[in-house]
Amino acid sequence: MNALRLLLRDPVATFGLAIVLLAVVVAIFAPWLAPYPDDAFESHLLRRLRPPSAEHPFGTDNLGRDILSRVILGTRNALLVAVSVVVAAMAIGVPIGLAAGWREGWLSETLMRVTDVFLAVPQLILALALGQLLAPGIAAAMVALALTYWPFFARTVFAETRRLRSALFVDALAGIGARPSRILFLHVLPNAAPAVLVRATIGMGFTILTAAILGFLGVGAAPPSPDWGLAVSEARQHLPEAWWFPTFPGLAILLLVLGFNLLGDGLRDAADPRLRRSRR
Amino acid sequence: MSAPVLAVEGLGVRLRSDRGIADILDDVSITVPRGGTVGVVGESGCGKSTLLRAILGILPRGAEPPKGRILFEGRDILPDRAASARGRIGFVPQDPYLSLNPVFRAGDQILEIMRRHARGSRAEHKRRLVELFRAVQLPDPEAALRKYPHQFSGGQRQRLLIAAAMSCDPALIIADEPTTALDVTTQREILALLRGLVVERGLSLLFVTHDFGVLANLCAEVTVLYAGRVAEAGPTRDVLDAPRHPYTRLLLACHPDRATDLLGIPGTVPAATAQPGGCRFHPRCPIIHSGCVVEPPPLLPLPGDRAVACPWHADPLPETIGG
Amino acid sequence: MARYVLRRLLLALPALFGLVILTFVLSRVIPGDPAATLAGDGATPAQIAELRAQYGLDRPILEQAVIHVRQVLTGDFGRSIFSGRPVAEEIAQRLPATLELTFAALFLATFLGIPLGLVAALNHNGPVDHLVRLLSVGGLAIASFWLAIMLQLVFSMDLDVLPLRGRVDVATGLPPRVTGFVLVDSLVAGRPDMFMDALRHLALPAITLSLPGLATIARFTRSGVLETLQKDFVLYARAAGYGRIRLAAIYVLRNAVTLVVTQVGLLFGALISGAVAVEAIFDWPGLGTYAVQAILSADYKALLAVTMVVGVVYAVVNVTVDVAQALIDPRVAEDAR
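Values in this document were obtained by computation on a predicted structure and should not be read as measured data.

Each value, and the rule that gives it
Position numbers for residues start from 1 in each chain and track the written sequence from start to end. Chains carry letters and ligands carry numbers; both start at the beginning, A for chains and 1 for ligands, and go up in the order they are written. Since the coordinates come from a predicted model, pLDDT governs what is reported: local features require at least 70, and pairs of side-chain atoms require 80 or more to be given and counted, while whole-chain, interface and lining totals use all residues. Per the convention used, a helix needs a DSSP run of H or I reaching at least four residues, while a strand needs a run of E reaching at least two, with both numbered from the N terminus. Once C-beta atoms are placed from the backbone, any two residues with those atoms within 7 Å are in contact. Any residue surrounded by 20 or more other C-beta atoms within 10 Å of its C-beta is treated as buried, while 12 or fewer makes it exposed and the intermediate range makes it partly exposed; C-beta atoms here are placed from the backbone. Think of it this way: DSSP has to see at least two bridges between two strands before they count as a pair. Angular values range over 0 to 180 degrees, each being the angle between N-to-C directions of two axes fitted as lines to C-alpha atoms, with helices fitted over their stretch in contact. Any residue outside Ala, Val, Leu, Ile, Met, Phe, Trp, Tyr, Cys, Pro, Asp, Glu, Lys and Arg is labelled polar, Gly included; the first ten of those are nonpolar and the last four are charged. By definition, the crossover connecting two strands over a helix is right-handed if that path, from the first strand to the second, turns clockwise as seen with the strands pointing away from the viewer. Multiplying 1.5 Å by the helix residue count minus one yields the expected span of that helix. Given a residue, its bend is the angle between the two axes fitted to the seven residues that end at it and to the seven that start from it. Here the word oblique covers every angle except those under 35 degrees (roughly parallel), over 145 (roughly antiparallel) and from 65 to 115 (roughly perpendicular). What makes a crossing left-handed is the near helix being turned counterclockwise from the far one by less than a right angle; a clockwise turn instead makes it right-handed. The pLDDT value expresses, per residue, how confident the predictor is, ranging between 0 and 100.

A separate point is the overall build of chain C. Broken down by element type, chain C carries 14 helices and zero strands. Each helix and strand of chain C, ordered N terminal to C terminal, gives the series α-α-α-α-α-α-α-α-α-α-α-α-α-α. Once the C-alpha set of chain C is aligned to its principal axes, its extents read approximately 85 × 55 × 40 Å. Within chain C, contacts between residues separated by at least 24 positions form 71% of all contacts whose residues are at least 6 apart in sequence.

Note that an α-helix has 3.6 residues per turn; residues three or four places apart therefore point the same way. All names here are of chain B. The element helix H1 (residues 48-56) is largely enclosed, with a buried count of eight among its nine residues. Looking at H1, one finds that the buried residues are Lys-48, Thr-50, Leu-51, Leu-52, Arg-53, Ala-54, Ile-55 and Leu-56. Note on H1: the residue one or two positions beyond its end, Gly-57, has a positive phi of about 75°.

Here we take up the sheet that holds strand E12 (residues 306-308) of chain B. Residue and element names in this part refer to chain B. As summarised here, the arrangement of the eight strands in space is E6-E7-E8-E3-E9-E10-E12-E11, forming an open sheet in which the pairing is mixed. Taken across any chain shown, the strands that pair with only one partner, and hence form the sheet edges, are strand E6 (89-92) and strand E11 (300-302). Geometrically, the sheet is characterised by an average inter-axis angle of 20° between neighbouring strands, direction not taken into account. Taken together, the five bridges between strand E3 (residues 37-41) and strand E8 (residues 204-209) define a ladder with parallel strand orientation.

Here we take up the sheet that holds strand E4 (residues 67-72) of chain B. Residues and elements named next belong to chain B. Across the sheet, which stays open at both edges, the four strands sit in the order E2-E1-E4-E5 with antiparallel pairing between neighbours. The two strands at the open ends of the sheet, each matched to only one other strand, are strand E2 (20-32) and strand E5 (75-76). Inspection of the sheet shows strand E1 (residues 6-17) paired to E2 by nine bridges, in the antiparallel sense. Residue Leu-11 lies in a different strand from E2, and its bridge partner there is Val-28.

Every contact between the two is made by 40 residues of chain C and, on the other side, 33 residues of chain A. Looking at the side of chain C that touches chain A, the elements with two or more residues in it are helix H1 (2-29), helix H6 (127-141), helix H7 (144-158), helix H9 (192-229), helix H11 (244-282), helix H12 (287-296) and helix H13 (300-328) of chain C. The residue makeup of the side of chain C that touches chain A, split by class, is 32 nonpolar, six polar and two charged.

The interface with the highest contact count, out of two pairs of chains in contact, is the one between chains A and C. Over all C-alpha pairs, chain A and chain B never come within contact, reaching a minimum spacing of 11 Å.

Residue and element names in this part refer to chain B. With respect to burial, strand E7 (residues 172-176) is a largely interior element, five of its five residues being buried. The two faces of E7 match: Leu-172, Ile-174 and Asp-176 on one face and Ile-173 and Ala-175 on the other face are all buried. Across four bridges, the pairing between E6 and E7 is parallel. Its bridge partner being in E7, Val-92 is matched across the sheet by Ala-175. Of the pairings in the sheet, the one linking E7 to E8 comprises five bridges and is parallel in character. Pairing of Ala-175 across the sheet is with Phe-207, part of E8. Traced from E7 through helix H6 (residues 184-201) to E8, the parallel crossover comes out right-handed.

Counting from both sides, the interface comprises 18 residues of chain C and, opposite them, 20 residues of chain B. Looking at the side of chain C that touches chain B, the elements that each hand over two or more residues are helix H10 (232-239), H11 and helix H14 (330-335) of chain C. Broken down by element, the residue count for the side of chain C that touches chain B peaks at six residues, all from H10(C). Tallied by class, the residues present in the side of chain C that touches chain B amount to nine nonpolar, three polar and six charged.

As a further point, take helix H4 (residues 67-102) of chain A. For H4(A), which comprises 36 residues, the first-to-last C-alpha distance of 51 Å matches the rise-based estimate of 52 Å (1.5 Å per residue) to within 8%. The sharpest bend along H4(A) comes to roughly 25°, located at A:Met90.

In a pair of packed helices, the angle between the axes and the distance between the axes together describe the arrangement. Residue and element names in this part refer to chain A. Following both chains from N to C, one finds helix H9 (residues 180-217) and helix H10 (residues 228-235) inclined at 40°, their axes separated by 7 Å at the closest point. One element, H9, and the other, H10, form an angle in the oblique class. Here H9 runs over H10; the crossing is right-handed. Between H9 and H10, the contacting residues are Ala-211, Ala-212, Ile-213, Leu-214, Gly-215 and Phe-216 on the first element and Trp-228, Gly-229, Leu-230, Val-232 and Ser-233 on the second. Here the contact of H9 with H10 is built from residues that sort into eight nonpolar, three polar and no charged.

Turning to the environment of B:Ser99, a few remarks are in order. Along the chain, B:Ser99 turns up in the loop between E6 and helix H2 (106-117). Exposure remark for B:Ser99: the 29 C-beta atoms within 10 Å place this residue in the buried category. Residues B:Ser99 and B:Pro246 lie 147 residues apart in sequence; the distance between their C-alpha atoms is 36 Å. Here B:Ser99 is in contact with B:Pro93, B:Leu161, C:Asp232, C:Phe233 and C:Tyr236, once residues within four sequence places are set aside.

Residues and elements named next belong to chain B. Counted residue by residue, strand E10 (residues 229-235) has six buried out of seven residues, so it is predominantly covered. The pairing of strand E9 (residues 221-226) with E10 spans six bridges and is antiparallel. Directly across from Val-222, in E10, lies its bridge partner Gly-234. Counting the residues between successive antiparallel strands, the hairpin from E9 to E10 contains two residues, one of them, Ala-227, with a positive phi of roughly 50°. Alignment of E10 against E12, held across two bridges, turns out to be antiparallel. Bridge pairing in E12 links Ala-233 to Ala-307.

Moving on: unusual backbone geometry. Cis peptide bonds are those with omega within 30 degrees of zero, and the linkage from A:Pro223 to A:Pro224 qualifies with 5°. A:Leu239 connects to A:Pro240 through a cis peptide bond whose omega is 5°. Inspection of the secondary structure assignment puts A:Pro240 in the loop between H10 and helix H11 (244-271). Phi at B:Asp305 is positive, roughly 60°, even though this residue is not glycine. Position of B:Asp305 relative to the elements: it lies in the loop between E11 and E12. Using a count of 11 C-beta atoms within 10 Å as the deciding quantity, one classes B:Asp305 as exposed. Of note, the phi angle at C:Asn125 is positive, near 65°, even though the residue is not glycine. Note on placement: C:Asn125 falls in the loop between helix H5 (87-122) and H6. Under the C-beta neighbour-count criterion, C:Asn125 is labelled exposed, with 10 such atoms within 10 Å.

With that settled, consider the environment of C:Arg200. All names here are of chain C. Tracing the backbone shows Arg-200 in helix H9. Assessed through the 14 C-beta atoms surrounding it within 10 Å, Arg-200 is described here as partly exposed. Each C-alpha atom, one on Arg-200 and one on Ala-148, is 15 Å from the other, the two residues being 52 residues apart in sequence. Once you skip the residues sitting within four places of it in the chain, Arg-200 turns out to touch Leu-162 and Pro-163.

Take the confidence of the model for chain C next. Averaged over every residue, the pLDDT of chain C is 84; residues scoring 70 or more account for 94%. Overall fold confidence (pTM) sits at 0.81, and the ipTM for the predicted complex is 0.86.

So, on to the packing of H4(A) against helix H5 (residues 106-120) of chain A. Residue and element names in this part refer to chain A. Put simply, H4 and H5 touch, their axes get as near as 8 Å, and they point 135° apart. With respect to H5, the axis of H4 lies oblique. Taken as a pair, H4 and H5 cross one another with a handedness that is left-handed. Residues Ile-96, Ala-99 and Ala-100 of H4 lie in contact with H5, whose contacting residues are Leu-107, Ser-108, Leu-111, Met-112 and Thr-115. Among the residues making up the contact of H4 with H5, the classes are represented as six nonpolar, two polar and no charged.

Written as structure tokens, this is what we have:
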């Protein structure tokens, strides 16, 4: 709660939080907010590529669909993909980081080496290859993204666990005979939580970006799904006439990623008193 | 009698921050005669560092233009932020570990100072610096030029910084508690070195400390600061033997030969943003009078080149203090 | 110093070996039968079996792995299943294009990002500072492919001042290949017109690709300078009368840059990833487009080689970063002992 108050004192981070909350609200109520909710799948060839107007504030796309509606409807996909990927990556990365950080030895070494190898491969290429392997589609893209993002969690948790393990209170707990698993889950994990939360928030932004690139390259969401990256990709054939077609979905990506990044930065500052002091 | 090297006259420094306005220094005057050694003592927060920063022209952001004058060799250096006096004032900082940039060779850092403020070519500067390294007793002076700060010990680094202070042929050396970061043996060596150099080269010294022992050893005269004002000034021996201001008296009563803190004096130094009116010492003073809370007491001259900012300086202190 | 460099190189080896194994595993789980792809649509089972034997796909998996490791170590990546040409040759042809692009982006990011960060820090909480902060957050939030398209829309389609795609104009053509870097080769050939043409083609992709790096570098320079300005040695240098400009641009910056250099290393991976999308949009004949094509055509030989090459480049960059850091801050090399 204390951290939340600190966060709200930072106007930039509060702005980020506002964007994220807005996106969540839009995602939940998308079908009711969108002026043309059926345009997720329906096409209207008679009103193709209309410029922005009162009727269609963001214009219409190559199939005559209202772009504003598709941007609104796309929010749900974007958030859903980001949340599932980050949660899955956490589910893989956090236990690995804990296990590797808690004990030194061959297991720890092996786990961290594997993590390093994954980090040495460019995420996008790995995700592309995995996505392709699992048959192109949004589900495959999500699995691929989770499989490329977990090392970041493993690294973060590893570093935190190593740091906490050497902390005095862990020694004290071991001294009074607390079981390792108890120390790990009741004491180490909660202390590592802020770092994980920061990593997760930034990971949300990163995932939305990468998922959009996958969609753009044709390895992510498939038509007619109202995906932002896909929309930008489809728009390429209609330039320079339909400038509004790629512009608004792209802005939506920018805004949402910006929101998560600002929030992540603010959380990091709130969680780390040393940084807070130097920021002033 | 020649003009003093340094004359601080009625210096006032005011800082503005989010926490309010603070008069860090108020009407402070200090004179360093040519060839003289003057000490400034006081607790942390009394304005010692700000005094030095004003003289060196590096007041922090948020400081209003200072009041008063700082005459260095007869010229007011306040308006140009001491730029004209740099080089002629050598500065020995408090912490030798933190005062040198770790990613540059120590020698190059000093040569840069010389490049800006000393005559001659780089080769001459190097030759002179090696001589100085020898004078401050750094082992292997030639090799020292090429070393990085972390390759020296703390004592050696303080020697480097003393050499740096000497590098541009200064008239005045300003030292800011140059030994607090060092162990006791090294402290003694560094102080001996500093004293030797000052005497040998006929330099003037302004030395800031909270250690009366060091003060007695090094400085002929002393100025005691309390909460940004001068409490008492005079020849060191006389002030230490017979202090007049209640603050100094209490300070020395607690630790007759080495008063390092104010154990035994009730209360603490007031926050700079919340100074009491009248005499700033009055909330802690055992001989407080009603007038003390109204007007700040003027600095009264006393016989024997002394001065004290307390009209009641002749009154005895009560037997027990604190409780 | 030499010992330090050697140590760093040795430390990179296990990760590279891990990469060889990982790529092999990856290549074996890519769907589709490479031999069938290679043989084409109307191939008989016998033809496919023959091809399988030719590529060694019929041998036990462990034997294939050993062969794979041996081949990678000798730089032999086999023939592309898609084009039939040696993969090493194809990569050698495309690698310089990607490196030219990434280096240009890195150059832009560094030489704009560091001054921006410095100026922002020196005007802490001023208008320039806020602008740089906004840029540094926004630069990381922008989707590279979208930015590329927007830049194309404005500069190539609307204003028509920069080429839309490609590495050189078809009419101008490529200079004789010496290094594979068009900017260098055109100068070697004494053709300033080619140089200018290549530069114009490089502009938009390089700008697009540089933005995330620019954002990161500006941000870390800013915070590094702010942190350094608080240090005692800066106060001391001011008291000793260092010049203002020298103090900020050299004395403080060098400390701040140690942080930035680490970021450049981390950025390189992001740059390569970004290059995939940017190359696709600008039809840049580099490794990114090659990788996408390899993935889409299940050309595991090619994909494996690309991943390997990128991994090696990445390792080299990281070693370079470590060494650069040791050169900037002499304490780094000594701590490592």
